[in-house]
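Understanding the architecture of this molecule
Listed here are the chains, written in short residue letters.
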Amino acid sequence: MKIQLSISMLASDRSVSLERCLDSLQPLLMQVPSELIIVFTGTDERVREIAGRYTDKIIPFTWCDNFSAARNVGLWAAKGEWFMYIDDDEWFDDVTEIRDFFLSGEYRSYGFACYIQRNYVDWEGIHYSDYHAFRMSRMNPGIAFQNTIHEELVPRMNPCKYFDAYVHHYGYVSDSGTTSLEKALRNTPLLEKSIQERPKYIKNYLQIVQEYVIAGEWKKAEEYCRKGRELCQPTNENDYWRWLQMKLVEILHESGDWQGAEKESLRMLEEEDPCELVKLELYIHLIAIYVERNSAEEIVRYGKEFEETLAYMDKNPEVWSRQSYAEMTERKVKVPSRLNHIRMNCIGSALKLGDISQAAYFLKLLPWDEEYWMQRYYQIFDQWRQQYKESGEFVKLLDDFPEESPYTLLQRAILCGASEGLIRCLEKTESFYLQYQAVEAAVKSQIDPSPLAKMLDLDTWQRCAQSLMNCIPKDETEKLWRALEDMKQGEAAVHGLWLEKLLREKAMIRREYRNCELFETLSAYIQCILQYYREQYREELFCKERYNILPKDCRFAILADEAMGKIEEMKLPEAVRLLRSALRFAPSMTGVIREVTRHMATRMAAPKQAVGEEFRTLAVQMKGALKTMIDSGQYEEALSVITQLTPLLPEDLDLLRMRQNVLRGLAD
């Protein structure tokens, strides 16, 4: 059986990344008649040992600052019909597409192929750029690598196969998590030297421009970009010319020279008749520049040009293939965040101009069926609604919103006060912004929020309830208490417990309870927390040995509940100790606990008396007698009785008030 594919790589001293790379290639090596050739350029025996698990074809190579020389060693040892190379710090996400290319026989119809190199700019893997890297070729006579750096496999035999398969590449990320300058600093001197030796080799100019862009040396990048343009054949059939057109404007824009970027973009559009793909990039930069200037007319104008050009290319997909080069691809133009940002800016500018038809044109191009993206723009829609409230422009635009979009459903439900619309909105969205608005609308309209609350997980409900506490005006707090009663009786009792906890907590912290109600409210607050967590956790988690794995507010409630028991038993010093311990887990309750301990201190200072039912009856009678004494002016006698009763009834407000009246009577 013939070897269909030879896979070659340079292996330095990166053992971890090498193993990941080889592991990703294993399905390809197992299923396609293929061979693996590793050119070992390092000294780490661990690397050699890892390589030896996957292949016996390991070729030592003494590094000489020449990538092509090292690559050619692997190429010349290859026996396959096709040759593919990869770096040891890259790894495939999925090789199925490449596997099928060979197993189906499709490879016989192509001369070379590109897979995608996904270059990340942070360790989190969130931000990246895709680059179609020419890494696979039919084994043609005379094929070889050239250039000491940024090596290139030539000659190429058309046609080209473009794979969607991609390798992950973090080689440009530094240890600090930002784009690494190390490679740029290493590569630019080599490229400078190569340009001196081969001043008319255009590929070097493209490479050095890219290195200076990575290093953020914009002036140098612009200088070599312009030099490359002087050497390049100005035709839309020339990949290098198109790339340099796009790159020059990008460099000027990224460096902050917006005027220069605008001037070059407009000149290219007028004088150079760029291809459609370059036009798209130029329109993108012009729109961004005019957004910064708040130039609404220009934003709408070039937004329309952009969309019409994009529509043309989508109708003629072969244009995408013909004009793509390096990172200049359909994928780059259609990055969702970039594309949607353009359209949102165009909608906002059309609204500013009062042009509802243009705003509707761009509005319909948003990805309404991808709620993940749309939820980023709901808040902006609301800002427009407020901004154009008087003119009514946004209300007119609402007619063009899709009827079943979560945002549309919410707005109509709010206008009609219909709970069904609020429920349908929550069924279609994961946007917390809309979830909260739906719950708030129900509370303000005094609609039972239970059906909405039970649709939210408890973490989301906690955020939602906290937002309600922050946003509902004080004079409408009663609506929250009514909503709480509905939830207690409905299917969202657990959610209601959290709302009750927040309501009681806020009321206590803001001193909205009278002193005589404080103990009762604190006790209800504690029980509310404990019940909330007991609904979720197994009972054995509430033993002392396992307190440390419970949430802090739950630990506060456990200690405070124990303290309340000590207060009932009149073991006040122990209660104070427990409450102080509880505060470690709920510092916001400091003021409340201070008030509780102050009242307890008053109790502790008063002599202990057995206050039974008979005594209470006697106290009522004595207070009646006191009133008679005061009314008849017998202040001396009344004061004597009050002095005896005060230690027994230290918190009796009637007695306190009588005492003041007696003292005023004596003063007169």
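These remarks concern the structure in this document. (Residues numbered from 1 in each chain as written. Predicted model: local features only at pLDDT ≥ 70, side-chain atom pairs only at ≥ 80, totals over all residues. Heavy atoms only, no water.)

Let's talk about the overall build of the protein chain
- Along the backbone of the protein chain there are 32 helices and 10 strands.
- Sorting the 668 residues of the protein chain into buried and exposed places 50% on the buried side.
- Put simply, 66% of the contacts in the protein chain that link residues at least 6 apart link residues at least 24 apart.
- As displayed, the protein chain offers around 33,400 Å² of accessible surface, 49% of which is attributable to carbon and sulfur atoms. (Helix = DSSP H or I, 4+ residues; strand = E, 2+ residues; numbered from the N terminus. Buried < 20%, exposed > 50% of the residue type's maximum accessible area, 1.4 Å probe, protein only. Contact = heavy atoms within 4.5 Å. Areas by Shrake-Rupley, 256 points an atom, 1.4 Å probe, with all protein chains shown as cover.)

Some points on the packing of helix α14 (residues 336-353) against helix α15 (residues 356-363)
- In contact at an axis separation of 8 Å, α14 and α15 are set at 165 degrees when each is read in the N-to-C sense. Here α14 lies roughly antiparallel to α15, going by the angle between them. With respect to the hand of their crossing, α14 and α15 are arranged in left-handed fashion. Side by side, α14 and α15 meet where R343, C346, I347, A350 and L351 of the first sit next to I356, Q358, A359, F362 and L363 of the second.
- Partitioned by chemical class, the residues of the contact of α14 with α15 number 8 nonpolar, 1 polar and 1 charged. (Axes fitted to C-alpha atoms, helices over the stretch in contact; angles between N-to-C directions. Parallel < 35°, antiparallel > 145°, perpendicular 65-115°, else oblique. Left-handed = near helix turned anticlockwise from the far one by under 90°. Nonpolar A, V, L, I, M, F, W, Y, C, P; charged D, E, K, R; others polar.)

What about the pattern of salt bridges?
- The tally for this structure, following the rule as stated, stands at 53 salt bridges.
- One salt bridge connects D314 with K334, and the closest N-O pair in it is separated by 2.6 Å. Placement of D314 in helix α11 (residues 296-315) and of K334 in the loop between α13 (330-333) and α14 is noted, with a sequence separation of 20 residues between them.
- Put simply, D631 and K627 hold a salt bridge, and the shortest N to O gap is 3.3 Å. Of the two residues, D631 and K627 both sit in helix α30 (residues 613-631), 4 residues apart, roughly one turn of that helix.
- D631 gets classed as exposed once you look at its relative accessible area, which sits at 58%.
- Connected through salt bridges with shared partners, the residues E222, R226, R229, E264, R267, E271 and E272 form a single ionic network. (Salt bridge = Lys/Arg side-chain N within 4 Å of Asp/Glu carboxyl O.)

Some details on helix α31 (residues 635-645)
- Where α31 is concerned, the buried positions are A638, V641, I642 and L645. The buried residues of α31 occupy one face: seen down the axis, they fall within an arc of 100 degrees. The exposed residues of α31 that point more than 90 degrees off its buried face are E636 and Q644. (Arc of directions from axis to C-beta.)

Quick word on the nonpolar core
- Core analysis: the biggest nonpolar cluster contains 163 residues, and F306, I347, F381, F394, L397, W461 and M589 have the highest contact counts within it.
- Beyond its immediate sequence surroundings of up to four residues, W461 is in contact with V439, A453, L456, M487, H495, W498 and L499.
- Within the second largest apolar cluster, 31 residues are counted, among which are A51, F102, F163 and A165. (Core = buried A, V, L, I, M, F, W, Y, C linked by side-chain atoms within 4.5 Å.)

Quick look at the environment of K454
- Secondary-structure assignment places K454 in the loop between α22 (450-453) and α23 (458-471).
- Counting along the chain gives 97 residues from K454 to S357, while the straight-line C-alpha distance between them is 40 Å.
- One polar contact links K454 to E491, side chain to side chain, over a distance of 2.4 Å. (Polar contact = N/O pair within 3.5 Å; in protein donor to acceptor, adjacent residues only side chain to side chain.)

A few points about unusual backbone geometry
- The step from V154 to P155 runs through a cis peptide bond, and the omega angle for that step is -5 degrees.
- Among the secondary structure elements, P155 is positioned in the loop between β9 (152-154) and β10 (160-169).
- Here A326, not a glycine, exhibits a phi torsion of approximately 55 degrees, which is positive.
- Its relative accessible area of 8% is what places A326 among the buried residues.
- For M570, which is not a glycine, the phi torsion comes out positive at approximately 60 degrees.
- In this structure, M570 sits in the loop between α27 (552-568) and α28 (572-582).
- Of the residues examined, M570 reaches a relative accessible area of 45% and is grouped as partly exposed.

Examining the sheet that holds β10
- Spatial ordering of the open sheet is given by β3-β2-β1-β4-β7-β6-β10-β5, a layout of 8 strands whose pairing is mixed. Of all the strands in the sheet, just β3 (58-60) and β5 (90-92) have a single pairing partner and so form its edges. Neighbouring strand axes in the sheet, compared pairwise and without regard to direction, differ in orientation by 30 degrees on average.
- Sheet analysis places strand β1 (residues 5-11) next to strand β2 (residues 34-40), joined by 7 bridges and oriented parallel. (Pairing = 2+ DSSP bridges.)

A few points about the packing of aromatic side chains
- Taken as a whole and judged by the stated rule, the model has 36 aromatic pairs.
- Their ring planes at 90 degrees and their centres at 5.1 Å tell us that F101 and F163 sit as a pair that is edge-to-face. Taken together, the residues span a long stretch of sequence, with F101 in helix α4 (residues 96-103) and F163 in strand β10 at a distance of 62 residues.
- Overall, F101 belongs to the buried group, its relative accessible area being 1%.
- The exposure class of F163 is buried, given its relative accessible area of 0%.
- Summarising the aromatic geometry, the rings of F394 and F401 are spaced 5.7 Å apart at their centres and angled 75 degrees between planes, so their arrangement reads as edge-to-face. Note on accessibility: F394 and F401 belong to one class, buried.
- Here the aromatic residues W368, Y378, F381, W384, F394, F401 and Y407 are joined through ring pairs into a cluster of three or more.
- The positively charged end of R118 is found above the aromatic ring belonging to Y166, 4.0 Å away from the centroid. (Phe/Tyr/Trp six-rings, centres within 6.5 Å; stacked < 30°, edge-to-face > 60°. Lys NZ or Arg CZ within 6 Å of the ring centre and 35° of its normal.)

A closer look at the packing of helix α19 (residues 406-416) against helix α20 (residues 419-428)
- The geometry of α19 relative to α20 is characterised by a closest axis approach of 8 Å and an angle of 165 degrees between their N-to-C directions. As judged from the angle between their axes, α19 and α20 are roughly antiparallel. For the crossing formed where α19 meets α20, the hand is left-handed. Only G421, L422, R424, C425 and K428 of α20 make contact with α19, whose side of the interface consists of P406, L409, L410 and A413.

Quick word on helix α32 (residues 653-667)
- The terminal C-alpha atoms of α32 lie 21 Å apart, and with 15 residues this matches the ideal 21 Å at 1.5 Å per residue to within 8%.
- Of the positions making up α32, those classed as buried are L655, M658, V662 and G665. Burial along α32 is one-sided: seen end-on, the buried residues are contained in an arc of 80 degrees. In α32, the exposed residues that point more than 90 degrees away from the buried face are L653 and A667. (Expected span 1.5 Å × (residues − 1).)

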